[in-house]
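# Summary of the model geometry
If you want the building blocks of each chain, they are given just below.
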Amino acid sequence: MNNHQVADIFLAIADLFEIKGETVYKVLAYRKAGEAIHELGTDLRDIWQEDELKSIPGVGTAIAEKIDELYRTDKLEFYEKLTSEVPSGLVEVLAVGNVGPKKAARFWQELGITSVAELERAARAGELQKLSGMGAKSEARILENIETMRERKTDRMLLDKAWAISQVLLEMLRSVPGVLRAEAAGSLRRYRETVGDLDLVLASSVPGEAMKVFVNFPQVARVLGKGDTKTSVELHDGTRVQVWVHPPDRFGSAWQYASGAQAHNVRLRERALRMGLSLSEHGFKKEDGTELICPEESQVYEWLGLAWIPPELREDRGEIAAAEAGELPELVELVDILGELHAHSDWSDGAVSMREMLVAGRDAGLSYFVISDHSRSLGIANGLSLERLEEQREELAGLQAEFGKTFKVLHGAEVEILADGSLDYPDEVLAELDIVIASLHTSLRQTRDVVTERLLRVISNPHVDIIGHLTGRLIGKRAPADLDIERIVNVASAHQVALEINSNPERLDVRDVHARMALDAGCLLAINTDAHHPDHLNFRQFGVGTARRAWAESESIINTWPVDRLQAWLSDRSG
DNA sequence: GCCGTTTTCGGCCCGACTGTTTTCAGTCG
């Protein structure tokens with residue numbers, strides 16, 4: 001049983017409790033514990049074995065005992081008893097939009113509905129609107145929501161898609177009369193690896209006007225809700241967008257609110273209450289009713305006695321305590337990245353020549369660039385034989401002469417980690433390369449012990465400088481390899497091998513919580529794009545966002561170092 | 001059920017929007 005399976009049980013308990021009418025705080029407690037377990041970077045089973053379950057925020061005595069029972073017996077009596085009282089199919093019913101615990105309970109008790117299929121049948125038969133407090137509109141809306149739930153393939157989109165759509169919408173919104181500012185908020189602004197709805201915040205002197213224009217954008221397929229300050233719509237591609245509009249002098253608190261995460265905001269509001277203030281998107285209210293309004297976001301934090309917290313940290317992972325103590329990290333920024341350490345050319349599976357990649361890198365403002373094509377065994381990617389690798393080195397030397405001293409060209413390779421943990425080029429060939437990235441592409445489904453040992457063996461090879469996209473996951477497509485991350489980061493730290501944050505939005509590997517574990521263990525990181533096309537160099541912002549979510553400072557990121565320092569580090573470690 | 005620079009008991013964020021209501025409950029973020 002993995003983290004997510006355990007987490008889902010607690011989330012289901014929360015839902016069923018809510019339908020049953022349990023105290024809301026109990027419901028919240030189970031939900032919070034479930035979410036915390038979902039977000040965990042370490043294997044819950046390891047934490048259980050070390051008897052540290054209660055160190056997880058939101059897990060106390062009662063829930064720790066339940067986790068213990070799950071691992072010992074593979075079942076949970078409490079949960080089985082609960083599902084005998086409240087049908088577990090109602091969890092799915094609760095996932096239908098506009099159906100909450102109260103309605104789900106009534107549908108079940110008054111109409112015997114225990115699944116979405118039954119709900120749909122009842123709605124089509126017009127049975128829902130017969131219930132008191134329900135009408136034809138509510139019934140139609142529920143039916144509509146069941147259909148969209150079915151059509152939506154995945155509920156969350158990748159960061160690059162979210163980014164692209166929001167940039168277009170923001171640009172359009174900024175040209176609406178009266179709109180002074182338009183910014184992205186929500187999980188996109190926090191650079192979460194996937195985004196559900198897009199959240200946009202506007203400052204406007206004439207809010208109603210902005211909303212009217214927005215709902216008539218050609219991208220908008222239907223309006224889900226429309227009010228004075230908040231409008232939500234669905235675009236033709238199914239993307240949901242929420243827009244908030246506030247007057248300019250309240251923009252700061254509105255942007256802060258819409259940026260989340262919810263848990264972060266709840267913490268801030270609790271803190272405000274302790275200071276005799278009530279915080280909402282409109283600003284602060286004192287006990288006597290007078291207001292403190294915040295045109296700038298930093299003022300929200302200022303009134304709370306905190307340094308401004310960068311959005312990527314706002315996950316309730318200790319950032320408020322750090323802000324209070326003045327110990328927030330100096331997060332790495334996009335402009336700190338001086339070089340690209342992982343990029344492909346048409347020598348293997350890249351789209352363009354080495355020269356074109358180098359030109360793109362130079363034009364992107366980088367001062368050094370590694371061409372790292374695939375090694376020989378990855379036939380599907382046209383991996384380089386030893387002979388071709390040698391030819392490539394010669395051509396690259398010529399290119400270096402062309403680009404001159406201000407742009408350093410380095411010869412690397414993305415070397416396959418073979419199924420037995422050996423590498424795809426012999427040590428003497430690795431020694432000739434400027435930089436070696438070792439990556440897994442095959443045999444990802446080996447058992448945890450096998451694949452972990454395989455990586456540990458590679459990490460202890462002195463020629464290996466970077467481990468590329470550690471887990472091999474493809475978000476929404478391919479599960480990560482089952483690895484003992486804690487062991488790997490400790491060994492990588494001991495050998496001073498850097499872990500890559502692969503910036504490709506489909507990978508973002510290592511992910512934020514693992515990158516943070518690595519930094520805590522003293523590991524170095526590299527933020528690479530793994531570009532197969534010049535356009536992919538723009539992925540860097542997503543890698544930087546991920547690093548920031550891991551609380552990374554530039555000192556720990558080897559490609560923020562000037563090339564001399566990087567080369568000194570490379571020769572030190574292989575010498 | 002969890003948690004603690006007000007507390008080991010008594011709290012637990014705040015507001016917008018909708019539909020069905022005659023003043024509000026339910027849902028959502």
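Residues numbered from 1 in each chain as written. Chains lettered and ligands numbered in written order. Predicted model: local features only at pLDDT ≥ 70, side-chain atom pairs only at ≥ 80, totals over all residues. Heavy atoms only, no water.

Further remarks concern the protein's contact with DNA strand B. Near DNA strand B you find 46 residues, and of these Gly-60, Asn-98, Gly-135, Lys-226 and Arg-269 are the closest. Considering the 4 Å shell around the protein, atoms of DNA strand B inside it are sugar or phosphate in 77% of instances. One of the backbone N or O atoms of Lys-226 is found 2.6 Å from a phosphate oxygen in DNA strand B. Contact distances for DNA strand B include 3.4 Å between a phosphate oxygen and a side-chain N or O atom of Glu-270. Elements with a contribution of two residues or more to the surface near DNA strand B: α2 (24–39), α4 (61–73), α7 (101–111), α9 (136–151), β5 (220–226), α14 (262–274) and β8 (277–280). The biggest single contributor to the surface near DNA strand B is α14, with 6 residues. Residue composition of the surface near DNA strand B, by class: 16 nonpolar, 17 polar and 13 charged. (Near = heavy atom within 4 Å. Polar contact = N/O pair within 3.5 Å; in protein donor to acceptor, adjacent residues only side chain to side chain. Helix = DSSP H or I, 4+ residues; strand = E, 2+ residues; numbered from the N terminus. Nonpolar A, V, L, I, M, F, W, Y, C, P; charged D, E, K, R; others polar.)

With that out of the way, let us pick up the sheet that holds strand β9 (residues 283–286). Taken in spatial order, the 3 strands make up an open sheet running β8-β9-β10, and their pairing is antiparallel. Each edge of the open sheet is held by one strand with a lone partner, namely β8 and β10 (291–292). Where β9 meets β10, 2 bridges bridge the pair, whose relative direction is antiparallel. Bridged to Lys-285 within β10 is Glu-291. Strands β8 and β9 of the sheet are contacted by α14, whose axis makes an angle of about 155 degrees with β8. (Pairing = 2+ DSSP bridges. Contact = heavy atoms within 4.5 Å. Axes fitted to C-alpha atoms, helices over the stretch in contact; angles between N-to-C directions.)

Viewed as axis vectors pointing N to C, helix α8 (residues 116–124) and α9 meet at an angle of 140 degrees, and their least axial separation amounts to 10 Å. Considering their axes alone, α8 and α9 lie oblique with respect to each other. Between α8 and α9 lies a crossing whose hand is left-handed. Contacts from Val-116, Leu-119, Glu-120, Ala-122, Ala-123 and Arg-124 in α8 reach Glu-139, Ile-142, Leu-143, Ile-146, Glu-147, Met-149 and Arg-150 in α9. Its residues placed into classes, the contact of α8 with α9 shows 8 nonpolar, no polar and 5 charged. (Parallel < 35°, antiparallel > 145°, perpendicular 65-115°, else oblique. Left-handed = near helix turned anticlockwise from the far one by under 90°.)

A word on the pattern of salt bridges. According to the stated counting rule, one finds 46 salt bridges in the structure shown. For Glu-234, the salt bridge identified is with Arg-222, shortest N-O distance 3.5 Å. Of this pair, Glu-234 sits in strand β6 (residues 230–235) while Arg-222 sits in strand β5, placing them 12 residues apart in sequence. You'll find Glu-234 and Arg-222 in the same group, each marked buried. One network of salt bridges, in which partners are shared, links Glu-39, Arg-190, Glu-315, Arg-317, Arg-511, Asp-512 and Arg-549. (Salt bridge = Lys/Arg side-chain N within 4 Å of Asp/Glu carboxyl O. Buried < 20%, exposed > 50% of the residue type's maximum accessible area, 1.4 Å probe, protein only.)

A few words now on the packing of helix α20 (residues 448–459) against helix α21 (residues 485–495). Between α20 and α21, the shortest axis-to-axis distance is 10 Å and the interhelical angle comes to 5 degrees. When the axes of α20 and α21 are compared, the pair comes out roughly parallel. Within the contact between the two elements, α20 uses Thr-452, Glu-453, Leu-455, Leu-456 and Ile-459 and α21 uses Arg-487, Ile-488, Val-491, Ala-492 and His-495. Taken together, the residues of the contact of α20 with α21 break down into 6 nonpolar, 2 polar and 2 charged.

On to the domain arrangement of chain A, then. Once the domains are mapped, chain A shows domain 1 (3–152), domain 2 (155–246), domain 3 (261–328) and domain 4 (334–573). Across the contact, 6 residues belong to domain 2 and 10 residues belong to domain 3. A combined buried area of about 650 Å² lies between domain 2 and domain 3, and 46% of that area is made up of carbon and sulfur atoms. Ranking the residues of domain 2 by area buried against domain 3 places Arg-189, Arg-190 and His-246 at the top, with a combined share of 78%. For the interface between domain 2 and domain 3, the tally reads 3 salt bridges. A salt bridge links Arg-181 to Glu-296, with the nearest nitrogen and oxygen atoms 4.0 Å apart. When the residues that make up the side of domain 2 that touches domain 3 are grouped by side-chain class, the tally is 1 nonpolar, 1 polar and 4 charged. (Domains from an automatic or database assignment. Buried area = accessible area lost by both parts, 1.4 Å probe.)

Here the focus is a nonpolar patch on the surface. Together, Val-24, Tyr-25 and Leu-28 make up an exposed nonpolar region whose accessible area comes to about 350 Å². By the secondary structure assignment, Tyr-25 is in helix α2. (Patch = residues over 30% accessible without salt bridge, like charges linked within 9 Å, V, L, I, M, F, W, Y side chains within 5 Å. Areas by Shrake-Rupley, 256 points an atom, 1.4 Å probe, with all protein chains shown as cover.)

Moving on to the packing of aromatic side chains. Applying the stated criterion to the full structure yields 13 aromatic pairs. With a centroid separation of 5.9 Å and 90 degrees between ring planes, the pair formed by Phe-17 and Phe-78 is classed as edge-to-face. Here the residue Phe-17 occupies a position in helix α1 (residues 3–20), and Phe-78 occupies one in helix α5 (residues 77–85), the gap between them amounting to 61 residues. Judged by its relative accessible area of 4%, Phe-17 is buried. Ring centres of Trp-561 and Trp-569 lie 5.9 Å apart, and the angle between their planes is 80 degrees; on these two criteria the pair is classed as edge-to-face. (Phe/Tyr/Trp six-rings, centres within 6.5 Å; stacked < 30°, edge-to-face > 60°.)

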